[in-house]
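These are the residues of each chain, in order.
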Amino acid sequence: SKKNSWVKVGLRNETATWSFGPEFNNLAYYIQAGTKVFSDWIRAYVEVSGNNPVIREGFERPNDSGQTFDISPNTYIAGVAGGVQVTIYGVNNDKWKVLSEIRYETISEFDDTQNWTDPANSRTDFHIDGITTIGGKTWVERNFKNWGVSLGVGGKFTEASGDALTYFDGSSDEHKARFDRINQRDKGAINGLVGVHYNITDNWALNLDGEAGTGSGGEVSFSVNF
């Protein structure tokens, strides 16, 4: 769009197998607001979201590493993100464009509890400090009269850290509990990107985006430009 600012509302789902074993899944709905900064070639945005993250097989059961547990808040929790987009190249009134983006995202802290049957009368209380992602992507965009397509590549690093306290024999005494530090992360996910947008009116657009590679994901959103 030739207009300076935008607001986007969307739904996003992503899945990735992290470098150290667990699978990460997150379903999020979000609202994003952005505008140009300094020049027409640089745009920045902020985003707030509701997230339902799951770290699958993120914790091993005490005394039996063969059994694992999914760590999740089991509800939607808040997240914030920010990014900067740069138009590297544009020709023919922006019919062809090459763009890059850097993005930082964090999902807020949460707690979870798992009751175990072995050892009997035991449980583990989890506290995850948050889930942080730093990423970037570059893509080529081809725009037609009312619609456009894009192809690109993206990479990101994600980390979730926290603590686990395991209580035995029905105890709730933290001094007698077993302490474990949780540090699950992805050393670097690389995905191919594809996107399609359709201009419903001069201001409103429907956007469909997907990615596949180390992980996979999809996103649908509506945006208004002004």
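To start, this report covers the structure provided alongside it. (Residues numbered from 1 in each chain as written. Predicted model: local features only at pLDDT ≥ 70, side-chain atom pairs only at ≥ 80, totals over all residues. Heavy atoms only, no water.)

1. Examining the pairing of strand 12 (residues 215-225)
Of the pairings in the sheet, the one linking strand 1 (residues 5-17) to strand 12 comprises 11 bridges and is antiparallel in character. When the sheet's bridge partners are listed, G10 is paired in strand 12 with S221. Relative to strand 12, strand 11 (residues 204-213) runs antiparallel, the two sharing 9 bridges. When the bridges of strand 12 are listed, G210 appears paired with G218. Joining the antiparallel neighbours strand 11 and strand 12 is a turn of 1 residue. (Pairing = 2+ DSSP bridges. Helix = DSSP H or I, 4+ residues; strand = E, 2+ residues; numbered from the N terminus.)

2. Considerations on the packing of aromatic side chains
Counted by the stated rule, this structure contains 5 aromatic pairs. Look at F69 and W116: their rings are 6.2 Å apart centre to centre, the planes differ by 70°, and that puts the pair in the edge-to-face class. Remark: W116 occurs in strand 7 (residues 110-116) and F69 occurs in strand 4 (residues 64-71); sequence separation between them is 47 residues. With relative accessibility at 12%, the residue F69 sits in the buried group. The class of W116 is buried, set by a relative accessible area of 9%. Here F144 and W147 contribute two aromatic rings whose centre-to-centre distance is 4.6 Å and whose plane-to-plane angle is 20°, an arrangement assigned as stacked. Assessed through its relative accessible area of 38%, W147 is described here as partly exposed. The rings of F69, W116 and F126 are connected pair by pair, giving a single aromatic cluster. In this structure, R12 is placed above the aromatic ring of Y30, and the distance from its NZ or CZ to the ring centre is 4.3 Å. Just above the ring of Y167 sits the side chain of R123; from NZ or CZ to the centre is 4.3 Å. (Phe/Tyr/Trp six-rings, centres within 6.5 Å; stacked < 30°, edge-to-face > 60°. Buried < 20%, exposed > 50% of the residue type's maximum accessible area, 1.4 Å probe, protein only. Lys NZ or Arg CZ within 6 Å of the ring centre and 35° of its normal.)

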